[in-house]
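# Examining the three-dimensional arrangement
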Amino acid sequence: MSSSIAHSDSITLSLELKPQPTSDYKGSHEQRVQCTNFPLSKPPNAKVTRMRVGRLACLKDMPMDIFFEIIMKLHPLDLLRLSRASKYFRELLLGRSSRHLWLAAFGNVPGIPSCSRYIPEPRYAAVLFDQYCFACGNAHSSNVDYSVCIRLCKSCYKAKYILYCSLDGPMGLILSGFLKTLPMLCVVALHGLPEYRKYVVDAKSNGEDNTIYLPEFEAVIKKINSISYFSDLEVFFAERIAFVTEMQTHGVAVFDWFRDYRNQKRQEQKCITEERKAAILERLAKAGYGPGDYPDNGNWRKVVERPTPLTERAWKIALPKLTALVEQKHADDLQAALEALIKTRRAEFRPLYDAFVQDVLSDTDRIYAPNWHDACSLPSVVELIMENNATSPVTQERVSHIVEHLVVEIREAASRIKHDLVEMLFRDMSDRDPSCPAKPLTEEALTTYFALFVCHRCLLTIGVSASSICAHWRGAHPTLKWNDGWPIDECTVNRSRKHREQLSRELPWVSALRYGHLHTSTALAALGIPEDTPLEQLDSWVQEGRLICTCAHPRLIYIMETGWGGLMHHLREEQNWHDTMTTGPRRSTGELFNSHCLSGATPCLKLLAEGEQAAVPEFAVPDDIVAEINALLEARSDRPVCRTCYGMANPNSWHGLYLEQDVEIIAHHMHVRYAPLLLRGSESRHQLILSGIVPH
């Protein structure tokens with residue numbers, strides 16, 4: 001029989017292994033070598049302070065019996081740090097002859113379980129009280145296995161621990177028959193404090209849900225492969241079961257102690273903090289300060305609520321900081337009171353400014369006048385509000401004294417607003433239209449056909465003129481600063497609907513209509529209208545019903561009330577819908593009629609002569625068909641989907657498939673999209689409408 005099992009210490013396989021850094025460790029090679037010997041070596045990246053050099057040199061000349069008496073009063077963590085101070089102390093404190101010093105140090109910690117006979121005391125101290133990773137030296141390591149007595153950082157823990165049930169390949173197959181007889185050590189993660197009770201202390205009860213330490217697992221497999229005789233294997237199994245049971249029992253006991261120790265330490269720190277706070281407040285009260293003088297912020301709590309006793313030296317250091325914080329609190333209170341008065345004066349000025357814009361300003365000055373928020377920043381208004389430190393109420397009489405200055409300043413602000421609007425147009429043209437002019441635009445561009453603007457703050461997606469966007473901003477957003485943060489490169493920011501709430505803080509809230517110059521110039525070319533036609537004339541034609549879209553959409557009459565911008569919005573939406581339906585992967589191949597094409601002999605836009613009536617199709621649906629469709633729609637609460645569109649659309653997208661629950665719109669959709677292609681005489685138009693719509 002082989003004598004491969006010499007003594008019980010041979011079963012402590014994992015305790016002889018030194019953890020290696022993970023593959024993603026970014027330290028140098030020298031640092032990596034140091035970390036493999038950690039925690040008994042000096043921690044990596046240790047700070048060297050010249051002022052402290054030589055302060056421990058006198059300990060070498062001290063009699064050893066006195067030195068040992070001092071050492072035996074230390075905490076285990078202090079003793080561990082002293083062993084790392086120099087080679088002299090390392091050799092002195094980490095030898096076997098110094099074990100009694102470590103036992104005495106552990107005796108200074110009440111209730112701590114005694115160190116296991118398999119684990120050296122310095123390693124036990126590093127596991128319990130230190131914060132360095134045994135593998136890579138990371139100073140923030142909170143994953144602790146009290147059974148194996150090892151501390152790892154997050155990345156090393158993830159690399160070296162794994163659930164037994166997740167093992168695959170040869171290693172999992174080797175031990176599949178020995179699961180009950182070959183127990184695995186259990187992990188307790190300090191940072192999460194899991195319910196460790198699910199890990200029983202009896203090694204024979206370990207199951208497949210155990211988390212195992214990979215180096216130990218590999219060592220056990222290697223040991224099994226090296227045993228030749230079955231009798232030796234039985235002896236090894238028995239010794240392993242006894243060893244793992246002992247280590248798991250010790251690990252659970254350490255965890256129980258550490259939980260109580262941590263709670264007790266927190267309670268002690270809380271008591272010290274409360275005593276320090278009471279002492280500081282008592283001394284501040286003697287100095288004439290009261291509760292109203294104390295700020296409530298992190299800097300104040302950092303000084304007052306520290307878990308350290310308040311000594312005379314600490315008070316001398318803290319007093320200047322506390323005095324500065326109290327003075328800052330007084331200054332902040334005065335500033336807050338002033339801001340409250342300013343807010344009141346601004347509120348008093350608001351109705352007076354609205355009346356001033358409507359009654360005093362001329363029509364020309366009113367077009368680009370700033371809103372109430374920006375008007376409060378004008379020099380004359382600031383002087384009016386801040387008179388007597390904002391204690392004088394704002395009245396009509398006081399406002400009448402600054403009318404002349406206010407008109408001049410409003411004109412200057414209007415000039416800046418017009419400059420921003422022109423810059424928006426130029427940016428849109430230069431970034432999205434290669435054929436745009438190379439030189440910057442002038443203020444005359446605000447009256448051209450492409451001078452359309454939108455508001456992202458309230459999702460005003462229909463382009464309006466420069467005067468209309470300023471009136472909208474002044475009326476709908478009186479409390480906001482004009483394009484706060486402008487100018488920024490708006491073209492590089494995604495304006496997806498998902499991030500609209502965030503975009504309202506990042507984008508300029510007013511900007512030029514996207515691709516406005518490109519779309520409007522194409523429309524004018526299709527209509528044969530000169531590009532020097534002013535925007536006002538185009539708005540008038542649309543609102544009078546002379547410039548129309550021949551699709552006769554039921555909602556078009558409401559959209560065209562906004563003028564040229566509303567017509568362009570309708571055209572752009574229809575063209576985008578057609579592009580979405582005809583590009584990318586599709587469920588089936590089919591022809592889709594483009595009812596809003598601007599090229600060819602019959603473009604969708606038409607300019608009627610004065611007095612000419614538009615010949616647009618009417619989609620009248622009989623009452624019985626309307627009742628049948630309404631019954632079909634009322635059967636479901638969600639919006640209907642066009643069956644034909646669904647069969648032709650991208651299988652990964654529902655964009656553009658939903659229709660409104662309105663018979664007129666459904667009829668318009670079916671006739672405009674598919675009637676020119678699908679009606680071959682065998683199917684009536686009403687049958688086409690009814691068969692083409694299904695609730696989704």
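Residues numbered from 1 in each chain as written. Predicted model: local features only at pLDDT ≥ 70, side-chain atom pairs only at ≥ 80, totals over all residues. Heavy atoms only, no water.

All right, on to helix 20 (residues 516-527) then. Since one α-helical turn is 3.6 residues long, residues separated by three or four positions face the same way. With twelve residues, helix 20 ought to run about 16 Å at 1.5 Å a step, and its terminal C-alpha atoms sit 17 Å apart, in line with that. Burial in helix 20 covers these residues: Gly516, His517, Thr520, Ser521, Ala523, Leu524 and Leu527. For helix 20, the angular spread of buried residues about the axis comes to 160 degrees, placing them on one side. A positive phi of about 75 degrees marks Gly528, the residue just after helix 20. (Helix = DSSP H or I, 4+ residues; strand = E, 2+ residues; numbered from the N terminus. Expected span 1.5 Å × (residues − 1). Buried < 20%, exposed > 50% of the residue type's maximum accessible area, 1.4 Å probe, protein only. Arc of directions from axis to C-beta.)

Pairs can form between side chains of opposite charge once their charged atoms are near each other. For the coordinates displayed, the defined rule picks out 15 salt bridges. With its nearest N and O atoms 2.8 Å apart, the salt bridge here joins Arg84 to Asp130. Of this pair, Arg84 sits in the loop between helix 3 (76-83) and helix 4 (87-93) while Asp130 sits in the loop between helix 6 (121-129) and strand 1 (143-145), and the two are 46 residues apart along the sequence. On the basis of relative accessible area, Arg84 is assigned to the buried category, the value being 11%. Arg117 is paired through a salt bridge with Glu246; the nearest N and O atoms lie 3.2 Å apart. (Salt bridge = Lys/Arg side-chain N within 4 Å of Asp/Glu carboxyl O.)

Taken together, the three strands give an open sheet; going across it, the order is 6-5-7, and neighbouring strands pair in antiparallel fashion. Looking along the sheet, the strands with just one partner apiece sit at the ends: strand 6 (460-464) and strand 7 (510-512). For this sheet, the mean inter-axis angle between neighbouring strands, taken without regard to orientation, is 30 degrees. Here strand 5 (residues 453-455) runs beside strand 6; their pairing, made up of two bridges, is antiparallel. (Pairing = 2+ DSSP bridges. Axes fitted to C-alpha atoms, helices over the stretch in contact; angles between N-to-C directions.)

On to the nonpolar core. Side chains that are nonpolar tend, in soluble globular proteins, to be buried together. Of all hydrophobic cores here, the largest spans 50 residues; its most connected members are Leu421, Phe453, Trp564 and Leu605. Looking at this core, the elements that each hand over two or more residues are helix 17 (403-432), strand 5, helix 18 (466-476), strand 7, helix 20, helix 21 (535-544), strand 8 (547-549) and helix 23 (564-582). The element that contributes the greatest number of residues to this core is helix 17, accounting for seven residues. When near neighbours in sequence (up to four residues on either side) are disregarded, Leu421 contacts Tyr368, Leu446, Phe453, Ala466, Ile469, Cys470, Trp482 and Val510. (Core = buried A, V, L, I, M, F, W, Y, C linked by side-chain atoms within 4.5 Å. Contact = heavy atoms within 4.5 Å.)

Among the secondary structure elements, Glu531 is positioned in the loop between helix 20 and helix 21. Spatially, the C-alpha atoms of Glu531 and Phe450 are 9.4 Å apart, while their sequence positions differ by 81 residues.

Attention shifts here to the packing of helix 6 against helix 10 (residues 230-286). Closest axis-to-axis distance for the helix 6/helix 10 pair is 12 Å, and the angle between their directions is 45 degrees. Viewed along their axes, helix 6 and helix 10 adopt a mutual orientation that is oblique. Our pair here, helix 6 against helix 10, has a crossing hand that is right-handed. Residues Tyr124, Leu128 and Phe129 of helix 6 pack against His250, Val254, Trp257, Phe258 and Tyr261 of helix 10. Classifying every residue of the contact of helix 6 with helix 10 gives seven nonpolar, one polar and no charged. (Parallel < 35°, antiparallel > 145°, perpendicular 65-115°, else oblique. Left-handed = near helix turned anticlockwise from the far one by under 90°. Nonpolar A, V, L, I, M, F, W, Y, C, P; charged D, E, K, R; others polar.)

Moving on to the confidence of the model for the protein. Summing up the model confidence of the protein, the mean pLDDT is 78 and the portion of residues at 70 or higher is 74%. When the criterion is pLDDT under 50, residues 1-10 qualifies, and its contacts beyond four places in sequence or with other chains add up to 20 contacts. A low-confidence stretch, residues 677-696 (pLDDT under 50), is modelled with 53 contacts involving residues beyond four sequence positions or located in other chains. (pLDDT = per-residue confidence, 0-100.)

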